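Close look at the chain arrangement
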Amino acid sequence: MSKFVDSIKSNKKLQSNLITFGMVIILYVICQSLAAAGILSNSMKGLLIQFCYYIIMAVSLNLTVGILGELSLGHAGFMCIGAYTYGIFAKVLSSGNLSRTAILLISLVLAAIIAAFFGFLIGIPVLRLKGDYLAIVTLAFGEIIKNVTGSLYIAKDSHGLHFSLNGTSDMVLDADNLVIIDGPKGITGLTSGVSFTLGTILVIITLIVVLNLINSRTGRAVMAIRDNRIAAEATGINVTKYKMLAFTISASLAGVAGVLYAGSLSTLTSTSKNFGYNMSIMILVYVVLGGIGSIRGSVIATVILVLLPEKLRFVNSYRMLIYAIVLIAMMILNWSPSARAWREKMINKIKSGKKVKEAK
Amino acid sequence: MENTRPLLEVNNLSISFGGLRAVDDFNITINKGELYGLIGPNGAGKTTAFNLLTGVYKPTEGIIRLDGEDITGKKTIDINKAGIARTFQNIRLFKELTVLDNVKIGLHNRFEYSTLAAILRLPSYFKVEKEMNEEAMKLLKVFDLDKEANLKASNLPYGKQRKLEIARALATNPKLLLLDEPAAGMNPNETKELMDTISFIRKEFDMTILLIEHDMKLVSGICEKLSVLNFGHVLAQGPTQEVLNNPEVITAYLGE
């Protein structure tokens with residue numbers, strides 16, 4: 001046991017990862033016990049599952065933005081794919097005798113695979129670009145996904161599936177048809193509600209995947225490409241392969257977040273409000289404020305920034321104003337050089353203070 | 001030694017950028033174990049020649065053979081796998097990563113486990129990572145960088161960054177090492193130390209080295225053979241002292 005403790009003490013990366021996991025678990029325990037004690041308001045209960053899918057979104061986007069070093073503005077698109085995967089699957093099977101948990105679990109796997117597939121497909125053209133150009137094209141793909149899912153009609157009858165972009169009246173359907181996606185009206189009649197426990201488990205799985213990936217041969221290759229593409233190539237790193245890999249995994253995890261999102265709704269629609277670029281930018285704000293490349297930072301920033309607008313409801317119309325001010329304050333405190341220098345000074349002061357006490 | 005196959009054989013290598021022939025009819029033959037210098041005034045095409053050898057540019061004409069294998073026009077990573085590693089004129093380290101990780105990236109193609117094994121932390125991950133750490137630390141020790149293993153690469157002093165770049169190149173286990181102005185920006189002391197390091201690498205790793213350099217003290221001190229480039233052409237080639245005393249070379253460097 002002491003050997004185990006020593007090995008943790010000597011490995012800083014492992015230590016930092018354990019802190020991240022500990023944080024998530026403590027947060028979970030606090031929220032669960034508050035809910036059990038009945039202190040949590042209904043609006044707060046609704047927030048719990050939001051924490052989960054926003055954290056997964058932020059952590060997976062950080063894999064693209066912070067670890068791979070490419071700015072992606074279409075992350076909500078992959079979330080949309082995951083959400084619709086669940087929606088279609090749940091709708092088709094709603095009459096069957098599969099339990100809701102089983103449907104959720106199967107669609108989580110399916111969503112991860114399908115979102116990864118689309119990530120791969122979109123990655124082929126997108127990852128040939130660099131910087132601003134890449135950002136703009138991902139933005140466009142995100143919008144395409146949102147618009148296509150928002151105007152797609154799918155119905156099922158005894159002849160199988162029918163697709164249309166013009167409306168259900170276009171399709172020749174049997175009497176006992178089932179409209180799965182009704183264009184802009186989306187998928188209706190879903191069972192809402194996903195447990196916070198499932199959400200937390202998925203957050204932890206996401207963290208395991210991303211953190212283990214970063215601290216491995218693969219992660220090093222991805223970060224080498226970020227730091228210096230030319231040197232990475234000259235050192236024998238397959239740049240295309242590892243860029244695709246990181247982008248695909250990032251998309252896949254966003255798909256998982258999409259299932260959580262859709263699972264908490266009774267009607268799933270695809271609008272610019274939920275899967276548009278506003279959402280992608282909001283997730284990017286979480287990543288940037290938490291610190292690009294810092295996974296734990298993404299988790300903390302997401303929790304604060306999801307909680308804040310809710311907690312500021314009492315100031316009504318000043319809500320977004322205060323939110324904006326907090327964003328600016330966080331940016332300055334986290335990233336301005338003088339603020340960082342001050343923070344380091346304070347940490348050193350506290351540390352040296354402790355040592356003096358120990359010496360006494 | 002006459003009958004042994006040369007390690008690097010370059011014939012009629014040329015590249016044109018539009019109307020400019022940056023490297024024209026470049027020939028070089030390097031035998032195993034040699035320390036070869038490539039010199040020339042600024043803009044002579046030295047780095048372009050390096051970029052041709054490492055596949056950054058595709059040659060318009062000519063053939064490059066490494067150890068008998070034709071590597072002309074191959075991709076950079078395939079040329080690296082074939083056995084050519086390089087450093088850069090303006091240091092290109094993986095700045096945000098640690099010194100140890102920089103070398104471990106050099107080891108990337110020599111030690112393998114799957115991405116899945118990494119995510120699931122399978123036993124192969126721990127086993128191979130341990131081997132990689134040991135191998136990387138061995139290399140760092142050679143360059144006296146083992147104490148800085150956990151520092152961020154960008155926090156190293158300049159001279160050590162140069163050394164780390166060489167260590168990373170050696171980690172790929174090359175047959176031929178290309179050094180692009182290794183002494184650029186170094187003070188005389190650091191240059192002296194670098195000369196010792198290069199001679200040491202050559203012995204320790206039995207390495208064949210081709211280097212670009214402006215520092216004549218370094219060149220005349222350690223290179224056995226020289227090639228002089230001027231306006232993309234080979235001006236002179238041969239044993240170091242002979243080349244340095246060549247009147248044409250003196251003219252190109254110092255002017256009439």
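Residues numbered from 1 in each chain as written. Chains lettered and ligands numbered in written order. Predicted model: local features only at pLDDT ≥ 70, side-chain atom pairs only at ≥ 80, totals over all residues. Heavy atoms only, no water.

Describing the overall build of chain B
Our working definition: Secondary structure elements follow DSSP: runs of H or I no shorter than four residues count as helices, runs of E no shorter than two count as strands, and numbering proceeds from the N terminus. Computation of the radius of gyration draws on C-alpha atoms alone. For the globule rule, the value is 2.2 Å times the number of residues to the power 0.38. Partly exposed describes any residue whose relative accessible area lies between the buried limit of under 20% and the exposed limit of over 50%, with all areas from a 1.4 Å probe on protein chains only and scaled to the type maximum. Whether two residues are in contact is decided by their heavy atoms: any pair within 4.5 Å suffices. Method for areas: the Shrake-Rupley scheme with a 1.4 Å probe, in which residue coverage is limited to the protein chains shown. Within this scheme the basic residues Lys and Arg register as positive and the acidic residues Asp and Glu register as negative, but His and the chain ends are omitted. For the purpose of locating charges, the reference atoms are NZ of Lys, CZ of Arg, CG of Asp and CD of Glu.
Across its full length, chain B carries 10 helices and 10 strands. Against the compact-globule benchmark of 18 Å for 256 residues, chain B has a radius of gyration of 19 Å, which places it among compact chains. In terms of overall dimensions, chain B has C-alpha extents of about 65 × 40 × 40 Å along its principal axes. Here chain B, with 256 residues, has 52% of them falling under the buried criterion. Sequence separation of at least 24 residues holds for 66% of the intrachain contacts in chain B that already meet a minimum separation of 6. Accessible area for chain B stands at about 11800 Å²; split by element, carbon and sulfur atoms hold 51% of it. Counting 31 positive and 34 negative side-chain charges, chain B places the centres of these two groups 6 Å from one another.

Re the sheet that holds strand β2 (residues 20–30) of chain B
Residue and element names in this part refer to chain B. Stated precisely, the cut-off is as follows: Between any two strands, pairing holds if DSSP finds at least two bridges. Between the N-to-C directions of two axes lies an angle of 0 to 180 degrees, each axis being a line fitted to C-alpha atoms and, for a helix, fitted only over the stretch in contact.
Across the sheet, which stays open at both edges, the 4 strands sit in the order β2-β1-β4-β5 with antiparallel pairing between neighbours. Across the chains shown, the open sheet's two edge strands, defined by having one partner strand only, are β2 and β5 (69–70). As judged from the 7 bridges shared by strand β1 (residues 8–17) and β2, these two strands associate in the antiparallel manner. Within β2, the position partnered with L8 by the bridge is I30. Across the face of the sheet, helix α1 (residues 46–53) comes into contact with β1, β2 and β4 (61–66) while running at roughly 115 degrees to β1.

Digging into the packing of helix α4 (residues 75–93) of chain A against helix α10 (residues 239–263) of chain A
Residues and elements named next belong to chain A. To keep things clear, this is the line we draw: Working definition: roughly parallel below 35 degrees, roughly antiparallel above 145 degrees, roughly perpendicular at 65 to 115 degrees, and oblique for all remaining angles. By convention the crossing between two helices is left-handed if the near helix lies anticlockwise of the far one by an angle smaller than a right angle, and right-handed if it lies clockwise. Residue type decides the class: Asp, Glu, Lys and Arg count as charged, Ala, Val, Leu, Ile, Met, Phe, Trp, Tyr, Cys and Pro as nonpolar, and the leftover types, Gly among them, as polar.
Running from N to C, α4 and α10 cross one another at 50 degrees; their axes reach a closest spacing of 6 Å. Viewed along their axes, α4 and α10 adopt a mutual orientation that is oblique. Considering the relative orientation of α4 and α10, their crossing is right-handed. Facing α4, whose interface residues are H75, F78, M79, G82, A83 and Y86, α10 presents F247, S250, A251, A254, G255, A257, G258, V259, Y261, A262 and G263. Partitioned by chemical class, the residues of the contact of α4 with α10 number 11 nonpolar, 6 polar and no charged.

A few points about the nonpolar core
Under the convention used in this document: We define a nonpolar core as any set of buried Ala, Val, Leu, Ile, Met, Phe, Trp, Tyr and Cys residues linked to one another through side-chain atoms lying within 4.5 Å.
In terms of nonpolar packing, the biggest core is built from 110 residues, with Y53(A), L207(A), L260(A), L268(A), F275(A), I283(A) and Y286(A) touching the most fellow members. Take this core: its biggest share by element is 17 residues, from helix α3 (residues 42–67) of chain A. Those residues in contact with Y53(A) that sit more than four places away from it in its chain are M79(A), A257(A), L260(A), Y261(A) and S264(A). M132(B), L156(B), L164(B) and A236(B) belong to the second-largest nonpolar core, a separate cluster that totals 50 residues.

Section: helix α2 (residues 12–37) of chain A
All names here are of chain A. To keep things clear, this is the line we draw: Working rule for helices: expected span equals 1.5 Å times residues minus one.
If you check α2, its first and last C-alpha atoms are 37 Å apart, about what 26 residues at 1.5 Å a residue would give, namely 38 Å. Along α2, the residues that are buried comprise N17, T20, F21, V24 and C31. In the core, the buried residues of α2 are packed alongside α3, α7 (196–214) and α12 (295–311). Following α2 by one or two positions, G38 has its phi on the positive side, about 80 degrees.

Structural notes on the sheet that holds strand β2 (residues 160–164) of chain A
All names here are of chain A. Reading across the sheet, the 3 strands line up as β2-β1-β3 and stay open at both edges, with antiparallel pairing between neighbours. Looking along the sheet, the strands with just one partner apiece sit at the ends: β2 and β3 (178–182). In this sheet, neighbouring strand axes are inclined to one another by 15 degrees on average, regardless of whether the strands run parallel or antiparallel. Pairing geometry for strand β1 (residues 153–157) and β2, over 5 bridges, is antiparallel. Note on β2: the bridge partner recorded for Y153 is S164. Running over the sheet, α4 touches β1 and β3 and is turned about 165 degrees from β3.

Examining the interface of chain B and chain A
How we decide: Buried area: the accessible surface (1.4 Å probe) lost by two parts on joining, summed over both. Here, a salt bridge means any side-chain nitrogen of Lys or Arg that lies within 4 Å of a carboxyl oxygen of Asp or Glu. Definition of a polar contact: a pair of N or O atoms within 3.5 Å, with one able to donate and the other able to accept a hydrogen when the atoms are protein atoms, and with sequence-neighbouring residues admitted only if both atoms are side-chain atoms.
Opposite the 30 residues of chain B that make contact, chain A presents 27 residues. For the chain B and chain A pair, buried surface summed over both sides reaches about 2500 Å², with 59% attributable to carbon and sulfur atoms. The tally of links between chain B and chain A comes to 2 salt bridges. Note that K13(A) is salt-bridged to D101(B), the shortest N-O span being 3.3 Å. On inspection of chain B and its partner chain A, the count reaches 16 residue pairs in polar contact (both at pLDDT 80 or more). Elements that contribute at least two residues to the side of chain B that touches chain A include exactly α2 (76–82), α3 (99–106), α4 (115–119) and α5 (123–142) of chain B. Taken together, the residues of the side of chain B that touches chain A sort by class into 12 nonpolar, 7 polar and 11 charged.

Side note on α4(A)
The end-to-end C-alpha distance of α4(A) is 28 Å, a good match for the 27 Å that 19 residues give at a rise of 1.5 Å each. Of all the 19 residues making up α4(A), 16 are buried; the element is thus mostly covered by neighbouring parts of the structure.

Digging into the domain arrangement of chain A
All names here are of chain A. Rule in force here: In this entry, domain limits derive from an automatic or database-based domain assignment.
According to the domain assignment, chain A consists of domain 1 (12–317) and domain 2 (321–360). Summarising the inter-unit geometry, the C-alpha centres of domain 1 and domain 2 are found 32 Å apart. Tallying the contact residues gives 12 residues for domain 1 and 8 residues for domain 2. Buried surface at the junction of domain 1 and domain 2, both sides included, amounts to about 870 Å², of which 81% is carbon and sulfur. Along the contact surface separating domain 1 from domain 2 lie 0 residue pairs in polar contact (both at pLDDT 80 or more). Put simply, the parts of the chain that give the side of domain 1 that touches domain 2 at least two residues each are α11 (277–290) and α12. The residue makeup of the side of domain 1 that touches domain 2, split by class, is 11 nonpolar, 1 polar and no charged.

Looking at the packing of aromatic side chains
Both the distance between ring centres and the angle between the ring planes are used here to describe each pair of aromatic rings. Filter applied, for reference: Under the pairing criterion, centres of Phe, Tyr and Trp rings, with the six-membered ring standing for Trp, must be within 6.5 Å; the plane angle then separates stacked pairs below 30 degrees from edge-to-face pairs above 60, leaving the rest tilted. We count a charge as sitting over a ring when the NZ of a lysine or the CZ of an arginine lies within 6 Å of the ring centre and within 35 degrees of the ring normal.
With the rule as written, the count across this model stands at 10 aromatic pairs over all chains. Between Y54(A) and Y286(A) the ring centres are 5.9 Å apart and the planes differ by 85 degrees, which places this aromatic pair in the edge-to-face class. Of this pair, Y54(A) sits in helix α3 while Y286(A) sits in helix α11; the two residues are 232 residues apart in sequence, bridging distant segments of the chain. For the pair Y54(A) and Y286(A), a shared accessibility class is recorded, and that class is buried. Geometrically, the ring pair formed by Y125(B) and F126(B) is edge-to-face, given 5.1 Å between the ring centres and 80 degrees between the ring planes. These aromatic residues form a ring-pair network of at least three members: Y53(A), Y54(A), Y261(A), F275(A) and Y286(A). One cation-aromatic arrangement involves R92(B) over F88(B); the distance from NZ or CZ to the ring centre is 5.4 Å. Above the face of the F94(B) ring, R168(B) is positioned so that its terminal group lies 4.6 Å from the ring centre.

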